[in-house]
Amino acid sequence: MTSMSLSIKDLLEDKAYGLDLQLVCGETGLGNRLYSSRIQKPGLALTGYTEHLHPDRVQVLGNTEISYLSQVPEEVGSRHIEKLCSYPIACFIVTKGLDPPEFLKKSAHDAGIPLLGTHHQSSTFISLITKFLEESLLPSTHIHGVLVDVLGVGVLLLGKSGIGKSECALDLVIRGHRLVADDVIHIKKKMPAALVGQAGDSIQYHMEIRGLGIINIKDLYGVSSIREKKIIDMVLELMEWDANQEYERLGIDEPVKTILGVDLPHLKIPVRPGRNLTSIIEVAARNFLLKGMGYHSAREFHEKLLARLEFRPLGNEVE
């Protein structure tokens, strides 16, 4: 698991979320790092009351805050801002294209706190930066395997190298299902308990098939055969058949695999000649959908069997 963080410089360089940030002053603090996706509007901290200040968060100054600082006597405002800047503030961001007062610029510059500006309204900017931070700071990990979308179910195929994960995924694509990632899967945890997998930029849409080499699924089968990311719903682990090992026969027990603190249904599928793994994976996905609707085939069968055994006639008994 990777503990995520990003620097204030990363905020400035954002293009995808349209934060539209410009540096006003405090360039020496661009290396300050953010670890939380939550933001704060300083409010009473501008009056010297810093009891509930969270300096590790982005501090957003909107029209109300800048108007207040512009109206208070400069000596008072400067004293309060100097106190505020004595904390290890990650950064200040002024919205609506407002011009911050000079004493704020000076205190931020002297303390090495980046002061940024944006033309967005406060409400719009808070929504944009919260989404940006949530996406950027999600817990993440990397797993070797294949991720496919089968009937809307995100199926993560695991197994040792060469066991046939990519070949299974290719067969699923030919049947009309969708490839998400092959080889290395980037997984991020979306709160509260969902895992989203996707491929790295360099290998997106590509698959390695031994004997063929690298193929591009999007070019071969079209855009309907791929998707960029998918929530992982279940894990199927392909294993070499071992005659001495017991495998699940009924499906009553539901083992799980834990990834980033999230428990996922975990099925172990033995591999040997003659087994149609693609069909087994499709059935596993359909069965997962049935369970989501409240139908558990194995448990229903088990309950019917117990009921029959319980009420079976005992036959003639000799007194």
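Rules and cut-offs
Residues numbered from 1 in each chain as written. Predicted model: local features only at pLDDT ≥ 70, side-chain atom pairs only at ≥ 80, totals over all residues. Heavy atoms only, no water. Helix = DSSP H or I, 4+ residues; strand = E, 2+ residues; numbered from the N terminus. Rg over C-alpha atoms; globule rule 2.2 N^0.38 Å. Buried < 20%, exposed > 50% of the residue type's maximum accessible area, 1.4 Å probe, protein only. Contact = heavy atoms within 4.5 Å. Pairing = 2+ DSSP bridges. Axes fitted to C-alpha atoms, helices over the stretch in contact; angles between N-to-C directions. 1 Å grid on protein atoms, 1.4 Å probe; cavity = no way out; pocket = protein on both sides within 12 Å on 5 of 7 lines; lining within 4 Å. Points joined across faces, edges and corners; volume = space filled by probe spheres on them. Nonpolar A, V, L, I, M, F, W, Y, C, P; charged D, E, K, R; others polar. Salt bridge = Lys/Arg side-chain N within 4 Å of Asp/Glu carboxyl O. UniProt positions renumbered as here; feature names shortened; annotations may be inferred. Domains from an automatic or database assignment. Polar contact = N/O pair within 3.5 Å; in protein donor to acceptor, adjacent residues only side chain to side chain. Phe/Tyr/Trp six-rings, centres within 6.5 Å; stacked < 30°, edge-to-face > 60°. Lys NZ or Arg CZ within 6 Å of the ring centre and 35° of its normal.

Colleague: Now, about the overall build of the protein chain: what can you tell me, with residues and values included?
Modeller: Within the protein chain, the secondary structure is distributed over nine helices and 17 strands. The C-alpha atoms of the protein chain give 28 Å as radius of gyration, which overshoots the globular expectation for 319 residues (20 Å, by more than 25%). When the backbone C-alpha atoms are referred to their principal axes, the protein chain occupies close to 105 × 65 × 30 Å. Looking at the protein chain as a whole, 44% of its 319 residues qualify as buried.

Colleague: Describe the environment of Y295, listing the residues and the values that go with them.
Modeller: Structurally, Y295 can be placed in the loop between α8 (277–292) and α9 (297–310). Residues Y295 and G222 lie 73 residues apart in sequence; the distance between their C-alpha atoms is 35 Å. When neighbours within four sequence positions are excluded, Y295 is seen to be in contact with L290 and E300.

Colleague: Tell me about the sheet that holds strand β2 (residues 21–25), and please be specific about residues and values.
Modeller: Judged by pairing direction, the sheet is mixed, and its five strands sit side by side in the order β2-β7-β6-β5-β4 without closing on themselves. Looking along the sheet, the strands with just one partner apiece sit at the ends: β2 and β4 (39–40). Bridge count for β4 against strand β5 (residues 58–61) is two bridges, and the pairing is parallel. Each bridged residue has a counterpart across the sheet, and for I39 the counterpart in β5 is V58. Sheet strands in contact with helix α4 (residues 102–111) are β2, β5, β6 (91–94) and β7 (115–118), and its direction is about 85° off that of β2.

Colleague: Now, about the layout of surface pockets: what can you tell me, with residues and values included?
Modeller: As a volume, the second largest pocket reaches approximately 250 Å³. Lining the second largest pocket we find E135, L138, H186, K188, K190, V196, Q198, A199, G200, D201 and K229. At the level of elements, β10 (178–190) and β11 (194–199) are the ones that each hand at least two residues to the lining of the second largest pocket. Classifying every residue of the lining of the second largest pocket gives three nonpolar, three polar and five charged.

Colleague: Summarise the pattern of salt bridges; cite the residues concerned and give the values.
Modeller: Following the criterion strictly, the structure yields ten salt bridges and no others. With a shortest N-O distance of 3.6 Å, E135 and K190 are connected by a salt bridge. Placement of the pair is E135 in helix α5 (residues 122–136) and K190 in strand β10, with a sequence separation of 55 residues. Linking E282 and R175 is a salt bridge whose minimum nitrogen-to-oxygen distance equals 3.0 Å. Taken together, the positions of E282 in helix α8 and R175 in the loop between α6 (165–174) and β10 put the pair 107 residues apart, joining distant regions of the chain. Each of D99, E102 and K105 takes part in one network of salt bridges that share partners.

Colleague: Tell me about the UniProt feature "domain: HPr(Ser) kinase/phosphorylase N-terminal" (unreviewed entry) in the protein chain, and name the residues and values.
Modeller: In the numbering used here, UniProt assigns the feature "domain: HPr(Ser) kinase/phosphorylase N-terminal" (unreviewed entry) to residues 7–133. Secondary structure within residues 7–133 divides into 38% helix and 17% strand; the distance between the first and last C-alpha atoms comes to 11 Å.

Colleague: Give me the lowdown on the domain arrangement of the protein chain, citing residues and values where you can.
Modeller: We note that the domain assignment places domain 1 (6–137) and domain 2 (140–304) within the protein chain. Computed over C-alpha atoms, the centres of domain 1 and domain 2 are 44 Å apart.

Colleague: Hey, could you go over the UniProt feature "active site" (unreviewed entry) in the protein chain for me, with residue numbers and the actual values?
Modeller: Under the local residue numbering, the UniProt record ascribes the feature "active site" (unreviewed entry) to H144, K165, D183 and R249. Looking at the secondary structure, you find H144 in strand β8 (residues 140–150). If sequence neighbours within four positions are ignored, H144 has contacts with L158, K165 and D183. Polar side-chain contacts of H144 include one of 3.0 Å to the side chain of D183. Structurally, K165 is set in helix α6. Overall, K165 belongs to the buried group, its relative accessible area being 7%. The residues contacting K165, other than those within four sequence positions of it, are H144, G145, V146, L157, L158, G159, K160 and L238. Looking at K165, its side chain comes within polar contact range of the main-chain oxygen of K160, at 3.3 Å.

Colleague: Lay out the pairing of β5 in plain terms, naming residues and giving numbers.
Modeller: Judged by which residues are buried, β5 turns out to be covered on both faces: V58 and V60 on one side and Q59 and L61 on the other are all buried. The pairing of β5 with β6 spans four bridges and is classified as parallel. Looking across to β6, one finds that Q59 is bridged to F92.

Colleague: If you had to explain the packing of aromatic side chains to someone new, which residues and values would you point to?
Modeller: The full count for this structure, using the stated rule, is one aromatic pair. If you follow R272 out to its NZ or CZ, it ends over the ring of W241, 4.0 Å from the centre.

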